[in-house]
Amino acid sequence: MRYLTLLRAKQSTTPPPPELMAAIMALGEEATNSGSLLDTSGLAPSASGARVTLTGGELSAVDGPFAESKEVISYAIYDVRSKEEAVEWASRFLKVHQDLWPEWEGEVDVLKLFGPEDFPAAL
Amino acid sequence: MTTSPSPSPEAVRRVLDAVWRIESARLVASLARLVQDVGVAEELAQDTFVIALEQWPRDGVPRDPGPWLRATAKHRAVDLIRRRTRYAEKLAVLGVPDRVYDEYDLDDHIGDDLLRLIFTAAHPVLSTEAKVALTLRLLGGLSTAEIARAFLIPESTAAQRIVRAKRTLADAGVRFTMPTPAETSSRVGTVLGVIYLIFNEGYAATGGTDWTQPALCREAMRLGRVLAGLLPDTAEVHGLVALMELQASRLPARVSPSGRPVLLADQDRRLWDRLLIRHGLDALARASDLGGGVYTLQAEIAACHTAPSTDWRRVAALYEVLAYLQPSPVVRLNQAVAVGKAGDPGRGLSITDGLAAERSLRDYPQLPAVRGELLAQLGRVAEARAEFTRAAELTRNEAERRLFEDRAAGLGGSS
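This is a predicted model, so every value here is computed, not measured. (Residues numbered from 1 in each chain as written. Chains lettered and ligands numbered in written order. Predicted model: local features only at pLDDT ≥ 70, side-chain atom pairs only at ≥ 80, totals over all residues.)

## Concerning the overall build of chain B
So, step 1. Within chain B, the regular secondary structure consists of 19 helices and zero strands.
So, step 2. Along the first, second and third principal axes, the C-alpha set of chain B runs to 95 × 50 × 35 Å.
So, step 3. The 415 residues of chain B split such that 43% are buried.
So, step 4. Taking as baseline every contact in chain B between residues at least 6 positions apart, the subset at least 24 positions apart corresponds to 61%. (Helix = DSSP H or I, 4+ residues; strand = E, 2+ residues; numbered from the N terminus. Buried ≥ 20, exposed ≤ 12 C-beta atoms within 10 Å, placed from the backbone. Contact = placed C-beta atoms within 7 Å.)

In structure tokens, the structure reads:
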């Protein structure tokens, strides 16, 4: 089963420590080589994006930045055998931040992608 | 991880299972280097699992569960070695400090250890069945019950296969080593064969009531990706990963909502798994760059089907090359299908004529099924119906049997 993880954090004014970037790369490599990580990417600040809205029958497109306190700064897609396994990878991702950038705060949403296991008739 | 106020034992068990999935292969691999015996390493890993099962619900899940498991496992291994060799006793007599194992780190050489484990689990002294069971057990971290369920065999049979496989390795004195450079290529080939066998068992569960067993397909793909990470310069490893991912991308469209199989031509291509297709095409590009091989060729064929409409001439041409490199009856049967689809059912049929005498295809339901399709294309309805009826008699897969029966009944007419 697949999970999408969305990492949210405050946009930082200081760049992340280089050791953290190295640790994130190493963790990504480990997750890829274990066959679990299918896709991942960092996301540019919402200032370089836009939001398209449909509300009250009106369609509108507004350029970023969005006014949220935290922005989605990266995503990953894992192919795992349980939700707990996806949670474990997400936890490891946060732990390297905890170890190498103590003042950093953020959260990961672990969201299940629909798959054949959600449609038992199709199995 | 600080898990919210004292999680239930069931929740802790689920966390442990998840961590185990991630860590067990590496744990067994590095233990095997320490004790030089895969069977003993696997037992030590199981002991470690049991210790975690006792301690984690009581003390909480450790912050770094992976390192915790490795440290615990190392203690068990060192204890065992000392008991066995009365090592500590001898050291005490000699007054030598007991430092050897303190410096031993289970985290060292993890890639090499995993490769050794993969090669050992698919060692030539083992039967195919044993290789498959041991690979799923040691590399996939599957329990005996899971292996039994996947292969529709009693749990006792699965347990026996694993015990016997470990004993075979021990009796043959198989060391936990890398193959020699001269052996490497054929040993890699064996490993790829085992992985693809696991995949195919899932892709077309032969004796089962289900058309597909996605769990085994996923496990095989995962093993393939692990191997690709360990042998990044070996073309055929990427070729096999590409082949499995491209084939698996069609799994969601292979079964109708009512559980009936849907053949490639009738599949809703919008249901295909695009992420797997992209992954598979990337792996295929890498495999081709590195020189390719028979898995790569098959992946290229599978890639033809990911286009909005299949270029059957290209598929037929690729099968021609494959039939030359790997002249097996099944490849020629597939070649016949492609030639038929490319617009020459007469030539396709003549290819299958040569296959009727093949012993290995005598009870193979796909042979009459393919002949049925080609004969139907040629308008030889009565012969086509007879072939589909024969295919339905031969298959052991319930869903497939119904598919062939429908095909026979759907031909209509009596000519």
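## Observations regarding the overall build of chain A
So, step 1. If you tally the helices and strands in chain A, you get two helices and six strands.
So, step 2. For chain A, the succession of helices and strands along the chain, N to C, is β-α-β-β-β-β-α-β.
So, step 3. Summarising its shape, the C-alpha atoms of chain A cover approximately 45 × 40 × 20 Å along the three principal directions.
So, step 4. The buried share of chain A, taken over its 123 residues, is 20%.

## Description of the interface of chain B and chain A
So, step 1. Chain B puts 24 residues into the contact, and the matching count from chain A is 18 residues.
So, step 2. For the side of chain B that touches chain A, the elements supplying multiple residues, two or more each, are α1 (9–35), α10 (214–230) and α12 (274–289) of chain B.
So, step 3. In terms of residue class, the side of chain B that touches chain A is built from 13 nonpolar, four polar and seven charged. (Nonpolar A, V, L, I, M, F, W, Y, C, P; charged D, E, K, R; others polar.)

## Things to note about the sheet that holds strand β6 (residues 106–112) of chain A
Residues and elements named next belong to chain A.
So, step 1. Across the sheet, four strands lie side by side as β2-β5-β1-β6; this open sheet has antiparallel pairing. With one partner strand each, in any of the chains shown, β2 (37–42) and β6 form the two edges of the open sheet. Going from strand to strand, the sheet's axes swing by 15° on average, the running direction of each strand aside. (Pairing = 2+ DSSP bridges. Axes fitted to C-alpha atoms, helices over the stretch in contact; angles between N-to-C directions.)

## Some details on helix α19 (residues 398–410) of chain B
All names here are of chain B.
So, step 1. In a regular helix each residue adds 1.5 Å, so 13 residues correspond to 18 Å; α19 covers 18 Å between its end C-alpha atoms and thus fits that length.
So, step 2. Along α19, the residues classified as buried are E400, L403, F404 and R407. The buried residues of α19 occupy an angular sector of 95° when the element is viewed end-on, so they sit on one face.
So, step 3. The elements touched by buried residues of α19 are α17 (366–377) and α18 (381–394).
So, step 4. Following α19 by one or two positions, G412 adopts a phi angle in the positive range, close to 60°. (Expected span 1.5 Å × (residues − 1). Arc of directions from axis to C-beta.)

## Details of the nonpolar core
So, step 1. V28, L31, L117 and I118 of chain B are the most contacted members of the largest nonpolar core, which totals 108 residues.
So, step 2. Among the elements that line this core, the one with the most residues is α1 of chain B, at 13 residues.
So, step 3. With 13 residues, the next largest nonpolar core counts Y3, W89, A90 and F93 of chain A among its residues. (Core = buried A, V, L, I, M, F, W, Y, C linked by C-beta atoms within 7 Å.)

## What about the packing of helix α2 (residues 83–100) of chain A against α1 of chain B?
Helix-helix packing: each pair is described by the crossing angle between the helix axes and the interaxial distance.
So, step 1. For the pair α2 of chain A and α1 of chain B, the least separation of the axes is 8 Å and the interaxial angle reads 70°. With respect to α1 of chain B, the element α2 of chain A is oriented roughly perpendicular. In this structure, the crossing between α2 of chain A and α1 of chain B has a hand that is right-handed. Residues E84, E85 and E88 of chain A of α2 of chain A form the contact with α1 of chain B, whose participating residues are R14, V15, D17, A18, V19, R21 and I22 of chain B. (Parallel < 35°, antiparallel > 145°, perpendicular 65-115°, else oblique. Left-handed = near helix turned anticlockwise from the far one by under 90°.)

## Some words on unusual backbone geometry
Backbone geometry follows two general trends: most residues other than glycine have a negative phi, and most peptide bonds adopt the trans configuration.
So, step 1. Between G64 of chain A and P65 of chain A the backbone carries a cis peptide bond, its omega angle lying at 0°.
So, step 2. Along the chain, P65 of chain A falls in the loop between β4 (58–63) and β5 (71–79).

## Looking at the packing of helix α15 (residues 329–341) of chain B against α17 of chain B
Residue and element names in this part refer to chain B.
So, step 1. Closest axis-to-axis distance for the α15/α17 pair is 10 Å, and the angle between their directions is 15°. Between α15 and α17, the interaxial angle falls into the category roughly parallel. The interaxial crossing formed by α15 with α17 has left-handed handedness. Across the interface between the two elements, L333, A336, V337 and G340 of α15 pack against Q366, L367, V370, E373, L374 and Q377 of α17.
So, step 2. When its residues are assigned to classes, the contact of α15 with α17 shows six nonpolar, three polar and one charged.

## Re α1 of chain B
So, step 1. With 27 residues, α1 of chain B ought to run about 39 Å at 1.5 Å a step, yet its terminal C-alpha atoms sit only 32 Å apart, falling short of that.
So, step 2. Q36 of chain B lies just past α1 of chain B and shows a positive phi near 60°.

## Some points on the pairing of strand β1 (residues 2–9) of chain A
Residue and element names in this part refer to chain A.
So, step 1. In the sheet, β1 pairs with β5 via eight bridges, with the strands oriented antiparallel. Directly across from L6, in β5, lies its bridge partner Y75.
So, step 2. Bridge count between β1 and β6: seven bridges; the pairing is antiparallel. Residue pairing in the sheet places A9 in a bridge with G106 of β6.

## Focus: the environment of V241 of chain B
All names here are of chain B.
So, step 1. Structurally, V241 can be placed in helix α11 (residues 235–248).
So, step 2. Using a count of 30 C-beta atoms within 10 Å as the deciding quantity, one classes V241 as buried.
So, step 3. Remark: the alpha-carbon pair of V241 and L53, spanning 188 residues in sequence, is separated by 35 Å.
So, step 4. Contacts of V241, omitting those with residues within four sequence positions, involve G224, R225, A228 and A283.

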